[in-house]
Amino acid sequence: MSATQSVTGRATTPGSPAADGNRRLGLALFVIATAQLMVVLDSAIVNVALPHIQSALGFTGSGLEWVVTAYAVTFGGLLLLGGRSGDLLGRRKIFIAGLLLFSVASLLGGFATSQAWLLAARAVQGVGGAMIAPTALALITTTFPEGSQRNRAMGVYAAMSGGGAAVGLVAGGLLTTYLSWRWVMFVNVPIGIITAILAGYVLTESTRRRGRFDLPGAITSTAGVALLVYGLSNASTDQHGVSHWTDGRVVVSLAAAVLLLVGFAFIEWRSSHALMPLRILENRSRTGAYLVMLCLATAMFGVFFFLTIFVQEVLGYSALRSGLAFLPLAGGIVLMSGIVSQVIGRIGARPLMVAGTAIAAVGFYWFSHLTVHSQYVSGLLGPMLVTSLGFGLLFVPLSLVALNKVRGEDSGVASSLLNTGQQVGGAIGLAALGTVTWTTVSDNVKHQVAQAAAAAGRSGLQLPAAKSGVVPAPILHQALAVGISRGFLVAAGIVLLALVVVLVSIRLRREDLAGATAAAPAPSNEIIGELDLADSLSR
């Protein structure tokens, strides 16, 4: 009997050391996946509650944006530092500290009685998220051996990352409808604390890397990414068609971000204790994975943001019904991520990424055919399922390629780069696609009003005077449909750009992801007894 067979055989024996090890790995995956889900769904779950938060704490329209922006700026800005902290101080330690910090901030945010109180809590939540997200991904590489076990674990992680936003919309709708907006904060507290306690038992500490913090790199990268996210978050053309790209705060923020990030690159090139060693980007496939994630996040942001507007404004859905409408999208991503994690060792990353980007581009192009007469089943469900298929094919390969063959002491910062691409991409999506969409909406409203006035003039009728700033619902709905469809057409082009990046840069071989299982005669059968919890989650 081979060594592999003997280990597998012992895994099926209750109470054996191998079985105990598999249960521990299953619990470890449960802990990592739960933490990732909590971080990912946070933005979506809070978005649903924004109208209730506004009425409770008296936010103005512009001030309300900071409930989202305060989290995004600290989260995106501190990701690199969070990832490197795990490399230097121990990933389990930083992971647990992030969970506890996130939980405390959520508790304080739930009790907020003023705007400043809530915004401070949201900013601290972002700090906790920046500690959790990169270390969670890095912990997979240190906890699960390369090959089928890591592929399957990455499938669960990818499912949580891809489906978390849709789950957040459903959870946010339920909590705000039946309890209170405060529960979108409180719900994190027991989840975070229990996950932190379990993490102390089931996760092993990573080997600490000798070195010191790159303080100049930490300051320039944190400030640069934070200002980039802030500037992009405020640059988008608003719903009245007014562009903010030339606003003073936007121009200053983006210019300062460019200068800081250029300075950061120079510091890292010269530093012997770099926060982000440039050797991480020397691998063409890994750099390609980061660029693909940037493109996908830019495009995918529009799925939830603009489709939420469409189903609520045009179709008249409630917040809860809107969240439920996205379940097929989340379910498709989860299902496909589980399937991909099973077959990627035999197919390889590149074919899956080529197929995924092509299919996702088709889904976005299908979305661009939305009209004011589109209904859920006839106009939304089809492109939603196609898009979920494309993204489901992508998330597992992206994570594996980004961390493949990376040095152990660099896995935290390599993970943080993938998360940074996701955050910055989301900010770019809001700015670029928001500008395209709202400019088109404003132009279309003006065009319809001019057409109506001209038609009334030819027939000798006089249109009733409209209230200042109020657009009749039929005109607004038509304009929203046109603007959102234009935004999705641009998003389809961005995903096609991701396809080009995949074709040019991804050169990882199938054997690089198969790990030790590549030589086994029946790999799919030999791991049946391993990671029972992981298997059930991935399905």
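Residues numbered from 1 in each chain as written. Predicted model: local features only at pLDDT ≥ 70, side-chain atom pairs only at ≥ 80, totals over all residues. Heavy atoms only, no water.

1. Digging into the overall build of the protein
The secondary structure content of the protein amounts to 20 helices and zero strands. A burial count over the protein gives 55% of its 539 residues as buried. Of all intrachain contacts in the protein linking residues separated by at least 6 positions in sequence, the fraction that spans at least 24 positions is 85%. A total accessible area of about 22,000 Å² is found for the protein, and carbon and sulfur atoms account for 67% of it. (Helix = DSSP H or I, 4+ residues; strand = E, 2+ residues; numbered from the N terminus. Buried < 20%, exposed > 50% of the residue type's maximum accessible area, 1.4 Å probe, protein only. Contact = heavy atoms within 4.5 Å. Areas by Shrake-Rupley, 256 points an atom, 1.4 Å probe, with all protein chains shown as cover.)

2. Describing the packing of helix α14 (residues 349-367) against helix α15 (residues 376-403)
Where α14 contacts α15, the axes come no closer than 7 Å and their chain directions differ by 150°. By the angle class used here, α14 and α15 are roughly antiparallel. The interaxial crossing formed by α14 with α15 has left-handed handedness. Within the contact of α14 with α15, the residues separate by chemical class into 21 nonpolar, six polar and no charged. (Axes fitted to C-alpha atoms, helices over the stretch in contact; angles between N-to-C directions. Parallel < 35°, antiparallel > 145°, perpendicular 65-115°, else oblique. Left-handed = near helix turned anticlockwise from the far one by under 90°. Nonpolar A, V, L, I, M, F, W, Y, C, P; charged D, E, K, R; others polar.)

3. Observations concerning the packing of aromatic side chains
Applying the stated rule across the entire model yields eight aromatic pairs. Between the aromatic rings of Phe-364 and Phe-391, the centroid separation amounts to 6.0 Å while the plane-to-plane angle is 85°, which identifies the pairing as edge-to-face. Taken together, the residues span a long stretch of sequence, with Phe-364 in helix α14 and Phe-391 in helix α15 at a distance of 27 residues. Note on accessibility: Phe-364 and Phe-391 belong to one class, buried. For the ring pair Phe-367 and Phe-488, a centre distance of 4.9 Å and an interplane angle of 25° mean the geometry is stacked. Of the two residues, Phe-367 sits in helix α14 while Phe-488 sits in helix α17 (residues 473-505), which places them 121 residues apart along the sequence. Since its relative accessible area comes to 2%, Phe-488 is described here as buried. (Phe/Tyr/Trp six-rings, centres within 6.5 Å; stacked < 30°, edge-to-face > 60°.)

4. Considering the nonpolar core
Counting residues in hydrophobic clusters, the biggest one holds 111 residues, and the most contacted among them are Phe-95, Leu-203, Phe-310 and Leu-380. Element by element, the count of residues in this core is highest for helix α11 (residues 284-314), at 15 residues. Those residues within four positions of Phe-310 in sequence are excluded, and the remaining contacts are Leu-315, Leu-370, Thr-371, Ser-374, Leu-380, Ala-481 and Ile-484. (Core = buried A, V, L, I, M, F, W, Y, C linked by side-chain atoms within 4.5 Å.)

5. What about a nonpolar patch on the surface?
A cluster of nonpolar side chains, contributed by Val-104, Leu-107, Leu-108, Phe-111 and Trp-117, occupies part of the molecular surface with about 460 Å² of accessible area. A per-element tally of the nonpolar patch places helix α4 (residues 91-110) first, with three residues. Checked against the element boundaries, Phe-111 lands in the loop between α4 and α5 (115-143). (Patch = residues over 30% accessible without salt bridge, like charges linked within 9 Å, V, L, I, M, F, W, Y side chains within 5 Å. Salt bridge = Lys/Arg side-chain N within 4 Å of Asp/Glu carboxyl O.)

6. What to know about the side chain of Thr-387
Mapped onto the elements of the fold, Thr-387 is located in helix α15. At 2.7 Å, the side chain of Thr-387 forms a polar contact with the backbone oxygen of Pro-383. Every residue in contact with Thr-387, bar those within four places of it in the chain, is listed here: Leu-329, Gly-363, Phe-364 and Phe-367. (Polar contact = N/O pair within 3.5 Å; in protein donor to acceptor, adjacent residues only side chain to side chain.)

7. Topic: helix α10 (residues 248-270)
Every α-helical turn comprises 3.6 residues, leaving residues that sit three or four positions apart pointing alike. Here α10 spans 33 Å end to end across 23 residues, near enough to the 33 Å set by a 1.5 Å rise per residue. Among the residues of α10, Val-250, Ser-253, Leu-254, Ala-257, Phe-264 and Glu-268 are the ones counted as buried. (Expected span 1.5 Å × (residues − 1).)

8. What to know about the packing of α14 against α17
One way to put it is that α14 packs onto α17 with a least axis distance of 8 Å and a crossing angle of 165°. The orientation of α14 relative to α17 falls into the category roughly antiparallel. Read as a crossing pair, α14 and α17 show a hand that is left-handed. Facing Arg-350, Met-353, Val-354, Thr-357, Ala-358, Ala-360, Ala-361, Phe-364, Tyr-365 and Phe-367 of α14, the residues of α17 in contact are Ser-485, Phe-488, Leu-489, Ala-491, Ala-492, Val-495, Leu-496, Ala-498, Leu-499, Val-502 and Leu-503.

9. A few points about the side chain of Thr-437
Along the polypeptide, Thr-437 turns up in helix α16 (residues 411-459). When residues no more than four places from it in sequence are discounted, the contact partners of Thr-437 are Phe-306, Gly-483, Ile-484 and Gly-487.

10. A few points about the confidence of the model for the protein
Residues with a pLDDT of 70 or more make up 80% of the protein, whose mean pLDDT is 76. Mean pLDDT across the elements of the protein bottoms out in helix α19 (residues 523-526) (30) and peaks in α14 (92). Predicted confidence is poor over residues 1-14, with pLDDT under 50, and the contacts of this stretch with residues over four places away or in other chains come to 15 contacts. Predicted confidence for residues 516-539 stays below pLDDT 50, and this span has 37 contacts to residues more than four positions away or in other chains. (pLDDT = per-residue confidence, 0-100.)

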